[in-house]
Amino acid sequence: MTSYFGIVPSEELKSNIELAQKNRNSSEPQYPLRDKLALKLNDELIDNLLIQLVHEFPASEKRDTAEKLAGYVRSTVSVLLKQLLGKTPNEQVQKSLEFLENSLFTDNDGQQRIGVALPDDLVNQMRATFAEVYAGNGKAQREVLAHQFKLFADKIIKHYLTDFNKTLDLGLIKRKASDLATSGVGKAVHMAIDKLFPSLSQDELHAVAKHFDAVLVQKK
């Protein structure tokens, strides 16, 4: 069994991935499609990880905190990628497109998703914690859940920022800018988790568990 985090791509993102595969050997510049793909994918990742979850919370200070985090991450990642992306030879672009293509997988229901493999033990632990939340014991799980979500977030950030950016063949200045921005996103997410999770109610914890249960996939 292999564990993944995976979202169902929108039709626009899916069609752009298919177009990139079709144009693999084209002599036409491929960097505009690579850039469009990277920006769209990160936007959909943030939407699935944060925006949709925030909308399930009732209006409160906790929701405001989550919205600020979502806004910060979205703007930071967008600005960073726009600084790093741009005119690139097709040979180098292919490394990024292959990275994105390798992020595709098909779940047990035959649904294509895009995501990243996760350690089985982490997903099993998260699922066990979710089960406790569903059983009504959410408040007792808040500290454990916060720790698990930090590990989970670190894996996503490493894959889609650190590892993806390595395919861009960045110069020293851009590489330092990338490292700083990535570190800032990681710290912001950890700080938000520390602020948010200790005060989540049983209903809010249930919403968190239900939301993330849908994007954690274990393939047989």
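Residues numbered from 1 in each chain as written. Predicted model: local features only at pLDDT ≥ 70, side-chain atom pairs only at ≥ 80, totals over all residues. Heavy atoms only, no water.

This next bit is on the pattern of salt bridges. Scanning all chains against the criterion turns up 10 salt bridges. With a closest N to O distance of 2.5 Å, Arg127 and Asp213 form a salt bridge. On the criterion of sequence distance, the pair formed by Arg127 in helix 5 (residues 120-137) and Asp213 in helix 8 (residues 202-213) is long-range, its members being 86 residues apart. Residue classification places Arg127 among the partly exposed residues on the basis of a relative accessible area of 25%. What you see here is one network of salt bridges that share partners, running through Glu12, Lys40 and Glu44. (Salt bridge = Lys/Arg side-chain N within 4 Å of Asp/Glu carboxyl O. Helix = DSSP H or I, 4+ residues; strand = E, 2+ residues; numbered from the N terminus. Buried < 20%, exposed > 50% of the residue type's maximum accessible area, 1.4 Å probe, protein only.)

Right, let's get into the pairing of strand 3 (residues 112-118). Of all 7 residues that make up strand 3, 5 are buried, and the element is covered over most of its length. With 5 bridges joining them, strand 1 (residues 2-7) and strand 3 adopt antiparallel strand pairing. The residue of strand 3 that forms the bridge with Gly6 is Gly115. Sheet analysis places strand 2 (residues 104-106) next to strand 3, joined by 3 bridges and oriented antiparallel. Its bridge partner being in strand 3, Leu104 is matched across the sheet by Ile114. (Pairing = 2+ DSSP bridges.)

The strand order across the open sheet built from 4 strands is 2-3-1-4, with neighbouring strands paired in antiparallel fashion. Both edges of this open sheet fall to strand 2 and strand 4 (216-219), since each of them pairs with a single strand only. Across the sheet, the axes of successive neighbouring strands diverge by a mean angle of 55°, strand direction being ignored. (Axes fitted to C-alpha atoms, helices over the stretch in contact; angles between N-to-C directions.)

Let's shift gears to the pairing of strand 1. Of all 6 residues in strand 1, 5 are buried, a share of seventy percent or more. Where strand 1 lies against strand 4, 4 bridges are found, and the strand directions are antiparallel. The partner of Phe5 across the bridge, within strand 4, is Leu216.

Here we come to the packing of aromatic side chains. Counted by the stated rule, this structure contains 8 aromatic pairs. Note on Phe149 and Phe212: the rings are 4.7 Å apart at their centroids and 80° apart in plane angle, and the pair reads as edge-to-face. Residue Phe149 is found in helix 6 (residues 142-166), and its partner Phe212 is found in helix 8; the two are separated by 63 residues along the sequence. Summarising the burial analysis for this pair, Phe149 and Phe212 share the class buried. Site record: aromatic cluster; members linked through ring pairs are Phe5, Phe130, Phe149, Phe152, Phe197 and Phe212. (Phe/Tyr/Trp six-rings, centres within 6.5 Å; stacked < 30°, edge-to-face > 60°.)

Membership of the largest hydrophobic core comes to 67 residues, with the highest contact counts inside it found for Phe5, Phe149, Phe152, Phe197 and Phe212. For this core, the leading source of residues is helix 2 (residues 31-54), giving 11 residues. Not counting chain neighbours up to four residues away, the residues in contact with Phe152 comprise Phe5, Leu49, Leu118, Leu122, Met126, Phe212 and Leu216. (Core = buried A, V, L, I, M, F, W, Y, C linked by side-chain atoms within 4.5 Å. Contact = heavy atoms within 4.5 Å.)

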